Amino acid sequence: MVTDVKDAAAVSAAAVMRLLPARPRLLALGEPAHGEDTLLHLRNELFRQLVEQEGYRTIAVESDCMTGLLVDDYVSCGTGTLDEAVEHGFSHGWGTSAANRELVRWMRAHNDGRPASDRLRFAGFDGPLEITHAASPRQALAALHGYLAARVDAALLPCTGETLERLLGADDRWTDPAAMTDPSRSVGRSADAGQLRLLADDLSALLDQQTPHLLASACGDDLDRARLYARTATGLLRYHHWMADTSPARMNWLLAVRDGMMAHNLLALAERGPVLVHAHNAHLQRAKGTMRMWQGPVEWWSAGALVSARLGEEYAFLPTALGTMRHRGVDTPPPDTLEGLLYELPRDRSVIDTRGLATALDATRPPLRVSPWFGYAPLDPSHLADADAVVFVRDVRPS
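Attention here is on the structure that accompanies the text. (Residues numbered from 1 in each chain as written. Predicted model: local features only at pLDDT ≥ 70, side-chain atom pairs only at ≥ 80, totals over all residues. Heavy atoms only, no water.)

The next thing to look at is the overall build of the protein chain. Counting its regular elements, the protein chain contains 15 helices and 11 strands. The C-alpha atoms of the protein chain give a radius of gyration of 22 Å, which matches the 21 Å a tight globule of 399 residues would have. The principal-axis extents of the C-alpha atoms in the protein chain amount to approximately 70 × 55 × 35 Å. Put simply, the protein chain has 399 residues, and 55% of those count as buried. Expressed as a percentage of contacts within the protein chain between residues at least 6 apart in sequence, the contacts between residues at least 24 apart total 77%. For the protein chain, the computed accessible surface area is about 17,200 Å², with 52% contributed by carbon and sulfur atoms. Computed over 40 positive and 51 negative side-chain charges, the separation of the two mean positions in the protein chain equals 2 Å. (Helix = DSSP H or I, 4+ residues; strand = E, 2+ residues; numbered from the N terminus. Rg over C-alpha atoms; globule rule 2.2 N^0.38 Å. Buried < 20%, exposed > 50% of the residue type's maximum accessible area, 1.4 Å probe, protein only. Contact = heavy atoms within 4.5 Å. Areas by Shrake-Rupley, 256 points an atom, 1.4 Å probe, with all protein chains shown as cover. Lys, Arg positive; Asp, Glu negative; His and termini not counted. Charge placed at Lys NZ, Arg CZ, Asp CG, Glu CD.)

Glancing now at the sheet that holds strand 5 (residues 275-280). Across the sheet, five strands lie side by side as 4-3-5-2-8; this open sheet has parallel pairing. In the strand order of this sheet, the two ends are held by strand 4 (121-126) and strand 8 (315-318), each with one partner. Pairs of neighbouring strands in the sheet enclose a mean axial angle of 25°, with direction left out of account. Sheet topology note: the strand 2 (residues 26-31)/strand 8 ladder contains four bridges and is parallel. Bridge pairing in strand 8 places leucine 27 opposite alanine 316. Relative to strand 5, helix 2 (residues 37-54) is tilted by about 170°, and along the sheet it contacts strand 2, strand 3 (58-64) and strand 5. (Pairing = 2+ DSSP bridges. Axes fitted to C-alpha atoms, helices over the stretch in contact; angles between N-to-C directions.)

Looking now at the packing of aromatic side chains. Applying the stated rule across the entire model yields three aromatic pairs. Where tryptophan 242 meets tryptophan 253, the ring centres are 4.1 Å apart and the plane angle is 5°; that geometry is what we call stacked. Of this pair, tryptophan 242 sits in helix 10 (residues 220-243) while tryptophan 253 sits in helix 11 (residues 250-271), placing them 11 residues apart in sequence. Against the face of tyrosine 343 rests arginine 394, its NZ or CZ located 3.8 Å from the ring centre. (Phe/Tyr/Trp six-rings, centres within 6.5 Å; stacked < 30°, edge-to-face > 60°. Lys NZ or Arg CZ within 6 Å of the ring centre and 35° of its normal.)

Relative to the helices and strands, leucine 129 resides in the loop between strand 4 and helix 6 (138-149). Once the C-alpha coordinates of leucine 129 and arginine 369 are considered, the two residues, 240 residues apart in sequence, prove to be 29 Å apart. What leucine 129 contacts, discounting residues up to four positions off in sequence, is His92, Ala134, Leu236, Tyr239, Arg258 and Met261.

A separate point is the packing of helix 11 against helix 13 (residues 303-311). In contact at an axis separation of 8 Å, helix 11 and helix 13 are set at 40° when each is read in the N-to-C sense. The angle between helix 11 and helix 13 places the two elements in the oblique class. Of the two elements, helix 11 crosses helix 13, and the hand of that crossing is right-handed. Between helix 11 and helix 13, the contacting residues are Asp259, Gly260, Met262, Ala263, Leu266 and Leu267 on the first element and Ala303, Leu306, Val307, Arg310 and Leu311 on the second. In terms of residue class, the contact of helix 11 with helix 13 is built from eight nonpolar, one polar and two charged. (Parallel < 35°, antiparallel > 145°, perpendicular 65-115°, else oblique. Left-handed = near helix turned anticlockwise from the far one by under 90°. Nonpolar A, V, L, I, M, F, W, Y, C, P; charged D, E, K, R; others polar.)

Ranked by internal contacts, the top residues of the largest apolar core, which has 47 residues, are Leu27, Leu50, Ile59, Val104 and Val351. Each residue touching valine 104, except ones within four places of it in the same chain, is listed here: Val71, Tyr74, Val75, Leu82, Ala85, Val86 and Phe90. Membership of the second largest hydrophobic core comes to 31 residues, among which are Leu69, Trp174, Tyr229 and Ala230. (Core = buried A, V, L, I, M, F, W, Y, C linked by side-chain atoms within 4.5 Å.)

In this fold, arginine 57 is placed in the loop between helix 2 and strand 3. Spatially, the C-alpha atoms of arginine 57 and glycine 329 are 38 Å apart, while their sequence positions differ by 272 residues. What arginine 57 contacts, discounting residues up to four positions off in sequence, is Val51, Asp118, Arg119, Leu120, Arg121 and Pro274. Polar side-chain contacts of arginine 57 include one of 3.0 Å to the side chain of aspartate 118. (Polar contact = N/O pair within 3.5 Å; in protein donor to acceptor, adjacent residues only side chain to side chain.)

To continue, consider the packing of helix 8 (residues 191-209) against helix 10. Packing of helix 8 against helix 10 brings their axes to within 10 Å, and their N-to-C directions diverge by 155°. When the interaxial angle is binned, helix 8 and helix 10 end up roughly antiparallel. In the crossing of helix 8 with helix 10, the sense of the turn from one axis to the other is left-handed. Where helix 8 abuts helix 10, its residues Ala193, Leu196, Arg197, Ala200, Asp201, Ser204 and Leu207 lie against Leu223, Ala226, Arg227, Ala230, Thr234, Leu237, Arg238 and His241. Residues belonging to the contact of helix 8 with helix 10 are distributed by class as follows: eight nonpolar, three polar and four charged.

Here we come to unusual backbone geometry. With a phi close to 60°, histidine 92 is a non-glycine residue in the positive phi region. As for its placement among the helices and strands, histidine 92 is situated in the loop between helix 4 (82-89) and helix 5 (98-111).

Turning to the pairing of strand 4, a few remarks are in order. Within strand 4, six of the six residues are buried, which leaves it mostly tucked inside the rest of the structure. Burial along strand 4 is two-sided: the face carrying Arg121, Ala123 and Phe125 and the face carrying Phe122, Gly124 and Asp126 are both buried. Where strand 3 meets strand 4, five bridges bridge the pair, whose relative direction is parallel. Considered in strand 4, the bridge of aspartate 64 is made with aspartate 126.

In structure tokens form, the structure reads like this:
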């Protein structure tokens, strides 16, 4: 029985680190459902301990990488106000979360009075994407062009800002929600979009070519942001290109492009020091992602799989599983499922060594739990071997 697993412990930084061979450069905590403050408060407490006890200096969450810069400015430099950072710095409507607000407030308080080299940083690592639409590439492209125009010889620039504005046109032609299900409504394969992809590539190449000069003439943070603009501009244009696709591979490409953008952002963050990451289990898992959508099943490699392929043991993944979420119709799990077996554990919140858990499950081979609510994805028992530990929350209560 799972209750015999000796390594089940209360959730804490010390308990997590005991299950890992060394401190990973990128430690990822997954969640099986979005928008639940019970899970986010658990994230906050665990991440606080890992920052204070293990020296992590960046917290990255599944939110727009561009708007996340507003939160980073607030927590690292005190720019703006808490209200502004929370309201405008989170995508997907998550600025309304009390737990997200508390995370930002605590990060700012933690940094107060510390030298810049010791401050905690915030990052969104998702692209400027929603399930219904993708953003216009204007913000990222204009920021990249503006950064280069202020620092390099104008003759080297592949275009003017006016040319970008003409090719971009109105933002609403990029953000039309109908394009998500109707490729003919997408502007992503128009002549203007094709020209913008070439210009974004040239601007990105120029940024790389001028790195020695840019490092000598500006601070590293400015260059890091310019690289973020370049990744975001090229990623968004690639995403729009595949929104206009009519082949059966369209949704596979869209999901893969999004997770690819996530992975590149995480790898860039990991270059400057150890990172704590929070996102949906599906984005952080090492296994290939699968989903059934309106046109049929799709699959793609998640951001976690891509990062793990690059970082190896310097990437650690802790998926979260849950017992009940009664306000969503998720009642006590069937006893023969993975969650049902974990529900027997005595603590409200536990961290479990996946090696011991896999041994305990060898004889039972539990089936995948069936979720009555579309917003909750049960943990697939076949993915346990790809996780470093499992965090289990017995009961998720209304936010």
